[in-house]
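Residue-level structural notes
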Amino acid sequence: MERVANYRLTDAHIKKALNAAADSDTRVAEALNLVGFPPARKRAHGFDSLAKIVVGQQVSTRAAEAITQRLVASLNGQLEPGVLLSRDEEALRAAGLSRQKVSYLRSLATAVVEDDLPLLDLPKMSDEEVLERITAIRGFGAWSAQMYLMFSLGRTDIWPSGDLAVRVGFGRLLGLSERPTSKQTESLAEPFSPHKSALALLCWHYYSNVPQDAA
């Protein structure tokens, strides 16, 4: 289940989309001159990637990687719903997961096993339908669903306006004096549709590579 037909958020698409945005907005062009094009972040489509999103919530990338490695090892290398459900809570917590995240992972695994989250059908669904299906699972908010839409399904017009780094990077890129709110970020990005996924990648890239006093 790793490959998705017509996965579109590729390096080629990102460059084309951001060049189009730069043609219509000089601030995007200036950002690209400073930091260049952000790379694609393609991830596998399936339970594995959704589980890793749960593990990565509210922890650093390094911590998430370490916990994931321990979790996979505790599952004998099989990060699969049935295997996860066969382990008791303490065995999962030993990998470094909180009780809350263990609960979220169990909810995810149960949804997949019982076909409440039909993974095979997600690539055929609209962005809105995928968002609705994923956020119906305990522990998955809009941000988690948006990450999956972008990086596992390759959708090109996703805008995670609630993401702090996107908001900060976007505000700096636009030359705003204050960090925009989620609502403001949503509104300000509308002119960039249907290329908002590429714009989000640029915002993250800009946030990470341009010091605040240089933006």
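All of these numbers come straight from a predicted model, not from anything done at the bench. (Residues numbered from 1 in each chain as written. Predicted model: local features only at pLDDT ≥ 70, side-chain atom pairs only at ≥ 80, totals over all residues. Heavy atoms only, no water.)

1. Remarks on the pattern of salt bridges
What counts, and what does not: Each salt bridge in this description consists of a side-chain nitrogen of Lys or Arg and a carboxyl oxygen of Asp or Glu lying within 4 Å of one another. For every residue, the accessible area (1.4 Å probe, protein chains only) is compared with the maximum for its type, and the residue is labelled buried under 20%, exposed over 50%, or partly exposed between those bounds.
Taken as a whole and assessed by the stated rule, the structure comprises seven salt bridges. Linking Glu 90 and Arg 99 is a salt bridge whose minimum nitrogen-to-oxygen distance equals 3.5 Å. A salt bridge links Asp 121 to Lys 124; its shortest N-O distance comes to 3.6 Å. A relative accessible area of 33% means that Asp 121 is categorised as partly exposed. Put simply, Glu 89, Glu 90 and Arg 99 are held in one network by salt bridges that share partners.

2. Description of the side chain of Thr 68
Rule in force here: Comment: elements are numbered from the N terminus, with helices defined as DSSP H or I runs of at least four residues and strands as E runs of at least two. Two residues qualify as a contact provided that any one of their heavy atoms is within 4.5 Å of a heavy atom in the partner residue.
Summarising the element assignment, Thr 68 is placed in helix 4 (residues 61-74). If near-sequence neighbours (up to four positions away) are discounted, Thr 68 is found in contact with Lys 52 and Val 55.

3. Regarding the packing of helix 1 (residues 11-24) against helix 12 (residues 196-209)
As a reminder, the rule being used: Interaxial angles span 0 to 180 degrees and are taken between N-to-C directions of axes, which are lines fitted to C-alpha atoms, for helices over the stretch in contact. Angle categories are assigned with fixed cut-offs, so that under 35 degrees is roughly parallel, over 145 is roughly antiparallel, 65 to 115 is roughly perpendicular, and the rest are oblique. Put simply, Ala, Val, Leu, Ile, Met, Phe, Trp, Tyr, Cys and Pro go in the nonpolar bin, Asp, Glu, Lys and Arg in the charged bin, and everything else, Gly too, in the polar bin.
Two elements in contact, helix 1 and helix 12, have axes whose closest approach is 9 Å; the angle formed by their N-to-C orientations is 90°. Taken together, the axes of helix 1 and helix 12 lie roughly perpendicular to each other. Touching Ile 14, Ala 17 and Leu 18 of helix 1 are Ala 198, Leu 199, Leu 201 and Leu 202, all from helix 12. The class makeup of the residues in the contact of helix 1 with helix 12 is seven nonpolar, no polar and no charged.

4. With respect to the nonpolar core
Worth spelling out the cut-off: Side-chain atoms within 4.5 Å link the members of a nonpolar core, which is a set of buried Ala, Val, Leu, Ile, Met, Phe, Trp, Tyr and Cys residues.
Counting 67 residues, the largest nonpolar core has Phe 47, Leu 71, Leu 108, Leu 117, Met 150 and Trp 204 as the members making the most contacts within it. Among the elements that line this core, the one with the most residues is helix 12, at eight residues. With residues near it in sequence (within four places) discarded, Leu 71 still touches Val 55, Leu 79, Leu 92, Ala 95, Leu 97 and Leu 105.

5. Considering the packing of helix 3 (residues 47-55) against helix 7 (residues 99-113)
The following threshold applies: In this scheme the handedness of a crossing depends on how the near helix is turned from the far one: anticlockwise by less than a right angle means left-handed, clockwise means right-handed.
Their axes nearest at 10 Å, the elements helix 3 and helix 7 cross at an angle of 160°. Taken together, the axes of helix 3 and helix 7 lie roughly antiparallel to each other. Relative to helix 7, helix 3 is oriented so that their crossing is right-handed. On helix 7, the residues touching Phe 47, Leu 50, Ala 51, Val 54 and Val 55 of helix 3 are Lys 101, Tyr 104, Leu 105, Leu 108, Ala 109 and Val 112. Considered class by class, the residues forming the contact of helix 3 with helix 7 number ten nonpolar, no polar and one charged.

6. Quick look at helix 1
Worth spelling out the cut-off: Helices are assigned an expected span. That span is 1.5 Å times one less than the residue count. Taken from the helix axis, the directions to the C-beta atoms give the arc we talk about.
Taking 1.5 Å of rise per residue, 14 residues should cover 20 Å, and helix 1 covers 20 Å from first to last C-alpha, within 8% of that figure. Within helix 1, the full set of buried residues consists of His 13, Ile 14, Ala 17, Leu 18, Ala 21 and Ala 22. Buried residues in helix 1, looked at end-on, bunch into an arc of 160°, giving them a common side. Relative to its buried face, helix 1 has exposed residues pointing more than 90 degrees away, namely Ala 12, Lys 16 and Asp 23. Taken together, the buried residues of helix 1 touch helix 2 (26-35) and helix 12.

7. Quick notes on helix 3
Among the nine residues in helix 3, seven count as buried, and that is most of the element. For helix 3, the complete set of buried residues consists of Phe 47, Ser 49, Leu 50, Ala 51, Ile 53, Val 54 and Val 55. Buried residues in helix 3 make contact with helix 4, helix 5 (81-85), helix 7, helix 8 (127-135) and helix 9 (142-151).

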